[in-house]
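# Chain and residue survey
Residue strings, one per chain:
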Amino acid sequence: MTRGAVVIALLVLAAACRRPQPGDPLPGLSAAERAQFDSGRAVFESTFTAEVGLGPLFNASGCAECHEDPVAGANGDEVEHHAAVFHPERAGATCDVLADKGGPVFQDSVTPALHAALGIDQEPRPPIVTTIAERTTPDIFGFGLLDAVPDSVILSYADPDDKNHDGISGRPNRFFDGRLGRFGRKALVPSLREFNDGAFQIEIGITNPSVPVEGTVAGDSLPTGTDPARDPEIGGRALVLTDMFVRLLAPPPPLKQSKEARRGGEVFGTVGCTGCHVPKLPTGDNPIVALSHKEVAAYTDLLLHDMGPERADICFALATPNEFRTEPLMGLRLATHFMHDGRAKTPEEAIELHAGEATRARDLFKSLPAADQAALLAFLKTL
Amino acid sequence: MQRSTVISLALLVAPVALGAQQHTQQPTTAPAVAPAAPHDTVRGAISAVDVRARTVDVTSGVGFAIRVVRLAVPADVPITDREDGTPDRITLGELKRGDVVRAAFGARPTGFVAYTIERVGTMEAGVASTP
C-alpha cells in the first residue's frame, strides 16, 4: 500500500470513528434518507421574504432563525408569546385556546405591507385574554425518536391519581381530536409531522398543503393586498424534506462521564428526578430503521406534571395553567437558558424553580451535601 | 355570523393532509342535503353547542395552527354516538363541550352545513389515533 493510500484509509477510519456532533443525522440512515436529511436542512435553513410568502404575521423568517445555536436544530434566544383564557374561579372552568382568534400563538412581527395597512407591529392580543406566556426556542435534536415512542409506553408512566403515593401524578394531554399529545411545552401535539407543518404557518406565515390558508389578525381577516404570495406558499415536497431533517436529527450523544458525573447520575435517581425525567424511552416499529426499536435517552416521560402555581401560565387543551410536559434533557449541556420561559440561566436555577410535584425532589436536592449537589450538576452537564 | 367566525371557517375549507382533519371523503351515511363542493370532514373537539340556533363549534387544527369551524346542523342531520363501537342516534343537545366528533360538511353561502356528525369519544378519555 502506498503512503497516500494509507493516509486516505486513516482519514476514512477517523471519519467513521468520529463522535456524532450536534446537528448530525442519526446513525444508520440509508443513502436516500441521508439525501432527504441534507435537502431538508436546506429548507430548514431557508429565509423567507414577503415576496415568497413570509407573514404577514410571523415570529421568524425561517426555522433556523430560532433553532440556531450552535447549529440548525438547536435552541435559540428568541422568545415568543402564547395566550389563552382561563377563569379558575368559575365553576367547571374550561380552557379557551382562542381557536376563533387563530389559536394561542400571537406573532410578534408583521410584514411592512401589514404594518402599512393596520399600523400594527405585532398581532394584537384580544382583551379577553387572561394570561400571556413566554416560550423559548427548544432544541429539536432527537425529536424523531420521541415521535417513535409508542403511545402505550407514555401512558404506562401516567399515574393521574398518584396511586403509588410518590407525589408524582403525570397525566397525558390530548389534541382536540382525542389523540395523545407529546410535542410542545404543554404536550399538545400528537406527531412531529403535524408540529412541523403547523409551525410553517403559525411561526413563519408560510401556508402549505397541511395548513393551506393564512391565519387571521386576532380573528379578523387580512387586509386585501397584504399577502400577495399565492397559497400554498410551499409545496408538499418541502414539507416532507423539512420533516425528514427534523425527524432524523440525532440526539447529542452524552459526554463521557467522570466518576463524579456517574455518581451524580445515581443521585439524580435517588432524589427522585427520574420520577418525571425518565432516563430512557423505547421506540416501537418504525419504517425508518434508524428510529425503529431504539432506546432514546430523553429524560422525559412526555406527560404533564403540576409545577406549582408559581410557574403557572396558560392552559392548553387538557393542561391546566400549572401543568407542563416534562422537558427532555437530552442536549441539556448545549442550552443557555432553562425552563419553558427561559427564566433560569443555569441548571441550578432551574432546579430551584421546580415546585408542585417536583417539590420533594427539589428539596431533597437542596438538602444534599455540597459534593452530591455538585455531582448531580456535573451529571446534567454531560447530557 | 361574526366576520371573525367566517374567516375561521374559511380556513378550514381546503382539505388538509394530516391528523385531525381527514382527507376528503364521502359521508358514511346518506347526507341530509346534497353535498356541494367543497366537501370536507373535520375531527375535533366540540367547543360550543347552540341547540336553539342548531350550530356546533368544532376545534381542530394542525400542530399549533389551531382553528374552529362552526357548523349549522339541520334537524335531519344524523348525529350518532360511536363511543362504544355501535352507532346510536343522539340529539344535538346531547353533544357537549369536550366531545370528540367527526363531521362531514359542505359549504353554503351562509357558512358550513353538517351532513353527518359522529361522536367518537371525549378529549378527557382520549381517542385512538385511527378510530
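Keep in mind that this is a model prediction, so the values were computed, not measured. (Residues numbered from 1 in each chain as written. Chains lettered and ligands numbered in written order. Predicted model: local features only at pLDDT ≥ 70, side-chain atom pairs only at ≥ 80, totals over all residues.)

## A word on the overall build of chain A
- When helices and strands are tallied, chain A shows twelve helices and nine strands.
- For 383 residues, the compact-globule estimate of 2.2 N^0.38 gives 21 Å, and chain A sits close to it at 22 Å.
- If you line up chain A on its principal axes, its C-alpha atoms span 65 × 65 × 35 Å.
- Counted over contacts in chain A with a minimum sequence separation of 6, partners at least 24 positions apart contribute 69%. (Helix = DSSP H or I, 4+ residues; strand = E, 2+ residues; numbered from the N terminus. Rg over C-alpha atoms; globule rule 2.2 N^0.38 Å. Contact = placed C-beta atoms within 7 Å.)

## Some details on the overall build of chain B
- When you go through chain B residue by residue, the secondary structure sums to one helix and seven strands.
- Seen in sequence order, chain B has helices and strands lined up from the N terminus as α-β-β-β-β-β-β-β.
- By the burial criterion, 42% of the 131 residues in chain B qualify as buried. (Buried ≥ 20, exposed ≤ 12 C-beta atoms within 10 Å, placed from the backbone.)

## As for the pairing of strand S2 (residues 55-62) of chain B
Residues and elements named next belong to chain B.
- Burial runs high along S2: seven of the eight residues are buried.
- Taken together, the five bridges between strand S1 (residues 39-50) and S2 define a ladder with antiparallel strand orientation. Bridge pairing links Val49 to Val56 in S2.
- Here S1 folds back onto S2 in antiparallel fashion, the turn holding four residues, of which Arg54 has a positive phi close to 55°.
- Of the pairings in the sheet, the one linking S2 to strand S3 (residues 65-72) comprises eight bridges and is antiparallel in character. Bridged to Gly61 within S3 is Ile66. (Pairing = 2+ DSSP bridges.)

## Concerning unusual backbone geometry
All names here are of chain A.
- In this model, Gly55 is joined to Pro56 through a cis peptide bond whose omega is 10°.
- Structurally, Pro56 can be placed in the loop between helix H2 (31-44) and strand S1 (57-58).
- Unusually for a residue other than glycine, Leu98 sits at a positive phi of about 60°.
- Mapped onto the secondary structure, Leu98 falls in the loop between strand S2 (76-84) and strand S3 (105-106).

## Concerning the packing of helix H7 (residues 192-204) of chain A against helix H8 (residues 236-248) of chain A
Residues and elements named next belong to chain A.
- It is the contact of H7 with H8, at a shortest axis distance of 10 Å, that shows an interaxial angle of 125°. For the element pair H7 / H8, the angle class is oblique. Seen along the crossing, H7 lies across H8 with a hand that is right-handed. Touching Leu192, Arg193, Asn196 and Asp197 of H7 are Leu239, Thr242, Asp243, Val246 and Arg247, all from H8.
- Of the residues in the contact of H7 with H8, the class split is three nonpolar, two polar and four charged. (Axes fitted to C-alpha atoms, helices over the stretch in contact; angles between N-to-C directions. Parallel < 35°, antiparallel > 145°, perpendicular 65-115°, else oblique. Left-handed = near helix turned anticlockwise from the far one by under 90°. Nonpolar A, V, L, I, M, F, W, Y, C, P; charged D, E, K, R; others polar.)

## Some points on the interface of chain B and chain A
- Contacts between the two partners involve 35 residues from chain B, matched on the other side by 38 residues from chain A.
- Of all the elements, helix H1 (residues 3-10) of chain B adds the most residues to the side of chain B that touches chain A, at six residues.
- Of the residues assigned to the side of chain B that touches chain A, the class counts are 17 nonpolar, 13 polar and five charged.

## Topic: the domain arrangement of chain A
Residues and elements named next belong to chain A.
- For chain A, the assigned domains read domain 1 (31-148 + 184-248) and domain 2 (259-380).
- Put simply, the middle of domain 1 and the middle of domain 2, counted by C-alpha atoms, are 26 Å apart.
- Contact residues are listed per partner, giving 29 residues for domain 1 and 30 residues for domain 2.
- The element that contributes the greatest number of residues to the side of domain 1 that touches domain 2 is strand S5 (residues 131-137), accounting for five residues.
- Its residues assigned to classes, the side of domain 1 that touches domain 2 comprises 17 nonpolar, six polar and six charged. (Domains from an automatic or database assignment.)

## Focus on the packing of helix H9 (residues 259-270) of chain A against helix H12 (residues 370-380) of chain A
Residues and elements named next belong to chain A.
- Following both chains from N to C, one finds H9 and H12 inclined at 100°, their axes separated by 7 Å at the closest point. Judged by the inter-axis angle, H9 sits roughly perpendicular to H12. Across the interface between the two elements, Glu260, Ala261, Arg263, Gly264, Gly265, Val267 and Phe268 from H9 touch Asp372, Ala375, Leu376, Leu377, Ala378 and Phe379 from H12.
- Of the residues contributing to the contact of H9 with H12, the split by class is eight nonpolar, two polar and three charged.

## Looking at the confidence of the model for chain B
- Residues of chain B with pLDDT of at least 70 account for 69%, and the chain-wide mean is 78.
- Throughout residues 1-37 of chain B the model reports pLDDT below 50, and contacts reaching past four residues in sequence, or to other chains, amount to 85 contacts. (pLDDT = per-residue confidence, 0-100.)

## Observations regarding the nonpolar core
- Formed by 127 residues in total, the largest nonpolar core has its most connected members in Ala84(A), Phe316(A), Ala317(A), Val58(B), Leu71(B) and Ala103(B).
- Residue contributions to this core reach at least three from each of two domains, namely domain 1 (31-148 + 184-248) and domain 2 (259-380) of chain A. (Core = buried A, V, L, I, M, F, W, Y, C linked by C-beta atoms within 7 Å.)

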